[in-house]
Amino acid sequence: MQAAIELAREGMLAGKGGPFGCVIVKGEEIVGRGSNMVISTMDPTAHAEVVAIRDACKNIGNFTFVDYAYAFFQCYEWFNSVSLT
């Protein structure tokens, strides 16, 4: 969760987008990272979770998450987690 918080903070301070961060994990390993990049890319789909999913797919060499990962999202003090399996 701390990694998602840092991504949210860093992305916001860099002017990439809103204060949102996301990591995709398998066990203890982070396989995808993303922060909101809607502003910097002018891409309305570049939400933190989408950026993290794209990064994870690139890193694992697959577009599916069967038995694989959880996503952790962070925005300021609010958090949520969702299973991608």
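Please read these numbers as outputs of a predicted model, since none were measured by experiment.

**Let's talk about helix H1 (residues 2-13)**
Spanning 12 residues, H1 covers 16 Å between terminal C-alpha atoms, matching the ideal 16 Å at 1.5 Å per step. Glycine 15 sits one or two residues past H1 and shows a positive phi near 75 degrees.

**Some points on the confidence of the model for the chain**
When pLDDT drops low, the exact placement of atoms in the prediction is not to be read closely. Per-residue pLDDT for the chain averages 84, and the proportion of residues at 70 or more is 84%. Within the chain, the lowest mean pLDDT, 50, falls on strand E4 (residues 78-83), and the highest, 95, falls on helix H2 (residues 38-41).

**What about the side chain of serine 35?**
As for its position among the elements, serine 35 is in strand E2 (residues 29-35). Not counting the four nearest positions on each side in its chain, serine 35 is found in contact with Leu7, Gly11, Lys16, Phe20, Gly21, Ala46, Ala48 and Val51.

**Here we look at the environment of alanine 3**
Note that alanine 3 resides in helix H1. Distance in space between the C-alpha atoms of alanine 3 and cysteine 22 is 7.9 Å, their sequence separation being 19 residues.

**Some points on unusual backbone geometry**
In most cases, non-glycine residues show a negative phi, while peptide bonds are predominantly trans. With a phi angle near 55 degrees, methionine 42 is a residue other than glycine that sits in the positive phi range. Position of methionine 42 among the secondary structure elements: in the loop between H2 and helix H3 (48-60).

**Regarding the environment of aspartate 43**
Structurally, aspartate 43 can be placed in the loop between H2 and H3. Not counting residues up to four positions away in its chain, the partners in contact with aspartate 43 are Val38 and Arg54. A distance of 2.7 Å separates a polar atom in the side chain of aspartate 43 from a polar atom in the side chain of threonine 45.

**Examining the environment of lysine 26**
Note that lysine 26 resides in strand E1 (residues 20-26). Take lysine 26: its relative accessible area is 38%, and that puts it in the partly exposed class. Spatially, the C-alpha atom of lysine 26 lies 6.7 Å from that of tyrosine 70, the residues being 44 residues apart in sequence.

Conventions adopted
- Residues numbered from 1 in each chain as written.
- Predicted model: local features only at pLDDT ≥ 70, side-chain atom pairs only at ≥ 80, totals over all residues.
- Heavy atoms only, no water.
- Helix = DSSP H or I, 4+ residues; strand = E, 2+ residues; numbered from the N terminus.
- Expected span 1.5 Å × (residues − 1).
- pLDDT = per-residue confidence, 0-100.
- Contact = heavy atoms within 4.5 Å.
- Polar contact = N/O pair within 3.5 Å; in protein donor to acceptor, adjacent residues only side chain to side chain.
- Buried < 20%, exposed > 50% of the residue type's maximum accessible area, 1.4 Å probe, protein only.

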